[in-house]
Amino acid sequence: MKQLHKQMSSKRDEETIPMSQSSPYSPKTLKHPRSLPRSLHYLFREQRLLFILVGILIGSTFFILQPSLSRLGAAESTSLITRSVSYAVTDSPPSRSTFNSGGGGGRTGRVPVGIGRKRLRIVVTGGAGFVGSHLVDKLIGRGDEVIVIDNFFTGRKENLVHLFSNPRFELIRHDVVEPILLEVDQIYHLACPASPVHYKYNPFYKTNVMGTLNMLGLAKRVGARFLLTSTSEVYGDPLEHPQKETYWGNVNPIGERSCYDEGKRTAETLAMDYHRGAGVEVRIARIFNTYGPRMCLDDGRVVSNFVAQTIRKHPMTVYGDGKQTRSFQYVSDLVEGLVALMENDHVGPFNLGNPGEFTMLELAEKSASTFKMSHKETPIPCMKWELCVQVVKEVIDPSATIEFKPNTADDPHKRKPDISKAKEQLNWEPKISLREGLPRMVSDFRNRILNEDEGKGL
Ligand SMILES: O=c1ccn([C@@H]2O[C@H](COP(=O)(O)OP(=O)(O)O[C@H]3OC[C@@H](O)[C@H](O)[C@H]3O)[C@@H](O)[C@H]2O)c(=O)[nH]1
């Protein structure tokens, strides 16, 4: 050990002694600034220059491209989000970070296009259904992007097939009772079968409550405006006539219709809670009886029943004594009203319906006469149209008969909207009378009934 220590100290001595002794050379001179030739020599040795040049090139490329990269950012995030839509159908929902990838507040999808009105991305739940598909046509027609969500319980792909090749249209098979994440500006929430025949067969309280809750949650999350399609059925069997929005209704909470009536009332409550409590922009429409092309042939509601029965040469089924009243609006009027409400500043609720009031017997008479006229397929000059209907009304189509059947439970005795609020605040009122609208529906129904495949498919 002593020997080792000796060796080491002698080695240290060897190192220090020559340094102190060699005064002409000092290692400090290495740190003095180099001369130019020496620097150049250093630069060219071991490909140092090449590495420096590559570094400069990468740096300048990044700074040159940076503005265009940031411009692409928004569009890139939008396409990411659009792709996330399809994940939502089949796989687990995309993570929150995917949605918020382009900015705060979950509004990354709001990419302005052009100088004119900003193109909106709109989701329509129940968009493959009767009303929904007409609404989708309207929104696509004005240049917006539309995502339809439908579980096809009563909706049909045929209603949207003409849009399948449109790049601004997407269709997702999904039941709104399950959550879904989408980046949208507006939500039209229509999903729920509206025919008493359907909702009595399969009660939809869950659809109305869970579906509305899920879509309100989505609206809150992405900052979208939310329109609820409620119903005139919230008035139940009304004790006030016509019905104003201020009327609270007369609803049986435990009846066969309650799943729909109370379901929509709950949906309205949820919408208002989200509006007041979470600041969601909400719109509420109370829709009265609506008819038009694309209704299911065997929908079970009165207008579609009468028209289909007349075309099939079956008797029209009148429930009860046929003296109960309804007000029927043509589907395009409703679509105009829904869009007006969505674009307006008022929350509602708003009655959307045609105040023209008919008993079921009057409707049967009209359906028969309309079919008779349109069956003749003779062009009728506009000026004589009203007159023709009046004349044919008095002449019962010999092939159209009426069959009375027992009425269903809790059937409202009368219904007629007071639409003064919608007229005043939305500047909306229906334009198409039953006499004008019925023939349009008859030609659609006749085409589909004559097409055997489609008739069976429904
Ligand atoms: O074949 C039929 C079908 C129905 N009816 C009667 O026609 C009247 C209207 O019945 P519908 O089934 O068309 O529609 P309802 O008015 O009962 O319910 C509708 O209300 C408004 C909407 O929100 C919904 O679409 C739906 O719930 C009822 O009095 C019904 O008993 C018939 O007389 N014959």
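Residues numbered from 1 in each chain as written. Predicted model: local features only at pLDDT ≥ 70, side-chain atom pairs only at ≥ 80, totals over all residues. Heavy atoms only, no water.

For the chain, an unreviewed UniProt entry supplies the name UDP-glucuronate decarboxylase and the organism Arabidopsis thaliana. Check the Sequence similarities (unreviewed entry) section of the UniProt entry for the chain; it says "Belongs to the NAD(P)-dependent epimerase/dehydratase family. UDP-glucuronic acid decarboxylase subfamily." (UniProt positions renumbered as here; feature names shortened; annotations may be inferred.)

K.L.:
Got a minute to help me understand the site of the ligand in this structure?
P.N.:
Close to the ligand lie 24 residues; Thr231, Glu233, Thr317, Arg326 and Asp411 are nearest. In this structure, an oxygen atom belonging to the ligand sits 2.3 Å away from a side-chain N or O atom of Glu233. Between an oxygen atom of the ligand and a side-chain N or O atom of Arg301, the distance comes to 2.7 Å. Protein coverage of the free-state accessible area of the ligand, which is 660 Å², stands at 96%. (Near = heavy atom within 4 Å. Polar contact = N/O pair within 3.5 Å; in protein donor to acceptor, adjacent residues only side chain to side chain. Areas by Shrake-Rupley, 256 points an atom, 1.4 Å probe, with all protein chains shown as cover.)

K.L.:
I keep staring at the packing of helix H7 (residues 205–222) against helix H8 (residues 258–278) and nothing clicks. Help me out?
P.N.:
Following both chains from N to C, one finds H7 and H8 inclined at 20°, their axes separated by 8 Å at the closest point. Taken as axis vectors, H7 and H8 run roughly parallel relative to one another. For the pair H7 and H8, the crossing hand works out as right-handed. Contacts between H7 and H8 involve Tyr205, Asn208, Val209, Thr212, Leu213, Leu216, Gly217 and Lys220 on the former and, on the latter, Cys259, Tyr260, Glu262, Gly263, Lys264, Thr266, Ala267, Leu270, Ala271, Tyr274 and Ala278. (Axes fitted to C-alpha atoms, helices over the stretch in contact; angles between N-to-C directions. Helix = DSSP H or I, 4+ residues; strand = E, 2+ residues; numbered from the N terminus. Parallel < 35°, antiparallel > 145°, perpendicular 65-115°, else oblique. Left-handed = near helix turned anticlockwise from the far one by under 90°. Contact = heavy atoms within 4.5 Å.)

K.L.:
Help me understand the pairing of strand S1 (residues 121–125), please; the structure alone is not making it clear to me.
P.N.:
A large share of S1 lies buried, amounting to 5 of its 5 residues. Every second residue of S1 is oriented toward a common face, with Arg121, Val123 and Thr125 on one face and Ile122 and Val124 on the other, all of them buried. Bridge count for S1 against strand S2 (residues 145–150) is 5 bridges, and the pairing is parallel. Bridge pairing links Ile122 to Val146 in S2. Taken together, S1, helix H5 (residues 130–141) and S2 form a β-α-β motif whose crossover is right-handed. (Buried < 20%, exposed > 50% of the residue type's maximum accessible area, 1.4 Å probe, protein only. Pairing = 2+ DSSP bridges. Right-handed = clockwise from strand over helix to strand, strands pointing away.)

K.L.:
Hey, could you run me through the pairing of strand S6 (residues 282–287) in this one?
P.N.:
Regular strands place side chains that alternate from one sheet face to the opposite one. Taking burial as the measure, the 6 residues of S6 include 6 buried ones, the bulk of the element. The side-chain alternation of S6 yields two buried faces, one formed by Val282, Ile284 and Arg286 and the other by Arg283, Ala285 and Ile287. As defined by bridge partners, strand S5 (residues 225–231) adjoins S6 across 6 bridges and the pair is classed as parallel. Along S6, the bridge assignment pairs Leu228 with Ile284. As a crossover connection, the stretch from S5 through H8 into S6 is right-handed. For S6 and strand S11 (residues 350–352), the ladder comprises 3 bridges, and the chain directions are parallel. Bridge pairing in S11 places Arg286 opposite Asn351.

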